[in-house]
Amino acid sequence: MKIGFIDNAVAKNTKTQALVLLVGTDKKLSAAGQALNKQSGGAIAKAIATSKFSGKRGQNISVIMPQASKVERVLVIGTGEAKKITPATLENIGGSIVSFSNHAGVKDAVVLVESGDAGRIAHGAELRSYRFDKYFTKKTPEEKAALESLRFASGNAKLAEKSYAALKPLAEGVFLTRDLVSEPANIINPETLSERAVAELEKLGVEVEVLGEPEMYKLGFGALLGVGQGSANESKLVIMKYNGLGKGSKAAPIAFVGKGVTFDTGGISIKPAGGMEEMKWDMGGSGVVIGLMRTLAGRKAKVNAVGVVGLVENMPDGNAQRPGDVVTSYSGQTIEVLNTDAEGRLVLADALWYTQKHFKPKIIVDLATLTGAIIVALGTSRAGLFSNNDKLAEQIAKVGEKVDEPVWRLPLAEVYDKQINSDIADMQNIGKDREAGSITAAQFLQRFVNDVPWAHLDIAGVAWSKKDSDICPKGGTAYGVRLLNELVAEYYEGNK
């Protein structure tokens, strides 16, 4: 889909298949809307007055214009209460425009933006336009996206285009993450995912280092390597370094760590067959970190950042890790593996220790599709947040609400930590009881960060969606890229 910007004065004489009017809960038409209503013989106002349209965000109606008009139809999109409109709301409005235009079969549309940031609305439209359809060989016209061109008319087209351009690297990072998460596991494995990270990031100036199994064996990555030992695909650790403050800068970086289980059968503790195909996105945390690093480098963020992702495939062959095995992690701590399907925390254990030891970061944020228990607790609308630092937790919660990627903080406490003490090793990889599964998983991770301010985001419920949202079609969501980009921009960029 092509996105462009024009001034309001130009829009009056622009021929298009559809004009989009944005109408709030007051149901008042703008000056341009009133002119269109006059052209329609009052049909627009009548449609608003006689339908269930109340101006709530996402509501829509379509009005066919008279044959003599330059416009075939007018699409009326609800924007909600004016006082409640935020940048995230504008993005959602943009997504609604794309969704409704496709539903109406519109190929070309012009959006009349009387108020608000047209560039931000266009950014939301772009996010919603994403499609992962590379493996389709046959699609009917009805199955394909109809919308090919979307232009935004505002009082200052150059300013709107500048706003949109500033957000373009973020959209590219989101799309990269969605692509990676959507790929099937026969395409994305530890080797190919590491190669994709190199290809996408090095061209933007990010230094990428990939450690294979020989290097990790030498370092003593017993936890991560144990997970991948049943797979024919070699495990990898990918380290991505972005020096936005200049290569000579000695400022401590901020660090992001991602779980990258490119397919999770559960190992010997094998999962049920139903739904196992979804485990291709168990590398969602690593996908977010790679997409985030692309965003930061793409927009030339003034920050030093490190991304570390542990990439493995959890398979149940004759060499696979067994329940009851004891492994020695990179930290030197021993782990009794009671359930091979609680593997993500083992991958993160070595990745987190490597990150805090080698980079001494200001903060560490890890992301992982870690537990099914977080979906039971929070559903599919919020990520679970765990942290050893109140300030960092508050920052993440604040920006999560701002960009509409909300989180909910859950507790960490000694009573939960005791549940992962093992009878024969330093710890076990699951709690003694089935209760508080997401919390005991987070307690496990906390043992590998020392005193570094750290936050863990359990994104198991939000990394993939089975239904469309305003700015994302069903599938991989890239939840976390926008949140963490905003965290960097608001609290850690430049001299902050």
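Fair warning: this is a prediction, and the values are worked out from it, not measured in the lab. (Residues numbered from 1 in each chain as written. Predicted model: local features only at pLDDT ≥ 70, side-chain atom pairs only at ≥ 80, totals over all residues. Heavy atoms only, no water.)

> What is the right way to read the packing of helix H10 (residues 284–298) against helix H16 (residues 481–492) from this model?
Two packed helices can be described by the angle between their axes and the distance between those axes. Where H10 meets H16, the axes come as close as 9 Å, and the angle between the chain directions of the two elements is 45°. By the angle between their directions, the pair H10 and H16 is classed as oblique. Our pair here, H10 against H16, has a crossing hand that is right-handed. Across the interface between the two elements, Val-288, Gly-291, Leu-292, Thr-295 and Leu-296 from H10 touch Val-481, Leu-484, Asn-485 and Val-488 from H16. (Axes fitted to C-alpha atoms, helices over the stretch in contact; angles between N-to-C directions. Helix = DSSP H or I, 4+ residues; strand = E, 2+ residues; numbered from the N terminus. Parallel < 35°, antiparallel > 145°, perpendicular 65-115°, else oblique. Left-handed = near helix turned anticlockwise from the far one by under 90°. Contact = heavy atoms within 4.5 Å.)

> What am I meant to see in the nonpolar core here?
Generally speaking, soluble globular proteins have nonpolar side chains that are buried together. In terms of nonpolar packing, the biggest core is built from 59 residues, with Met-240, Val-365, Ile-396, Leu-457, Ile-459 and Leu-484 touching the most fellow members. Those residues in contact with Met-240 that lie beyond four places of it in its chain are Leu-201, Val-206, Glu-207, Val-208, Val-289, Ile-290, Met-293, Ala-305, Val-306, Gly-307, Val-308 and Val-309. Listed in part, the 40 residues of the second largest apolar core include Leu-237, Ile-239, Ala-351 and Phe-444. (Core = buried A, V, L, I, M, F, W, Y, C linked by side-chain atoms within 4.5 Å. Buried < 20%, exposed > 50% of the residue type's maximum accessible area, 1.4 Å probe, protein only.)

> I would appreciate a short explanation of the sheet that holds strand E8 (residues 236–243) in the present structure.
Strand pairing within a sheet occurs via backbone hydrogen bonds; the two strands may be parallel or antiparallel. Spatial ordering of the open sheet is given by E7-E8-E10-E9-E13-E17-E14-E15, a layout of eight strands whose pairing is mixed. Since the sheet does not close on itself, it has two edges, and those belong to strand E7 (207–211) and strand E15 (407–409), each with one partner. Strand-to-strand twist of the sheet, defined as the mean angle between neighbouring strand axes without regard to direction, takes the value 20°. With five bridges joining them, E7 and E8 adopt antiparallel strand pairing. Counterpart to Val-208 in the pairing with E8 is Met-240. Most of the contacts of H16 go to strand E9 (residues 254–264), to which it runs at about 175°, and overall it touches E9, strand E13 (364–368), E15 and strand E17 (454–458). (Pairing = 2+ DSSP bridges.)

> In this structure, what is going on with the environment of Phe-175? I would like to understand it.
Position of Phe-175 among the secondary structure elements: in helix H6 (residues 157–182). Between the C-alpha atoms of Phe-175 and Gly-476, which are 301 residues apart in sequence, the distance is 9.4 Å. Not counting chain neighbours up to four residues away, the residues in contact with Phe-175 comprise Glu-126, Leu-127, Ser-129 and Tyr-130.

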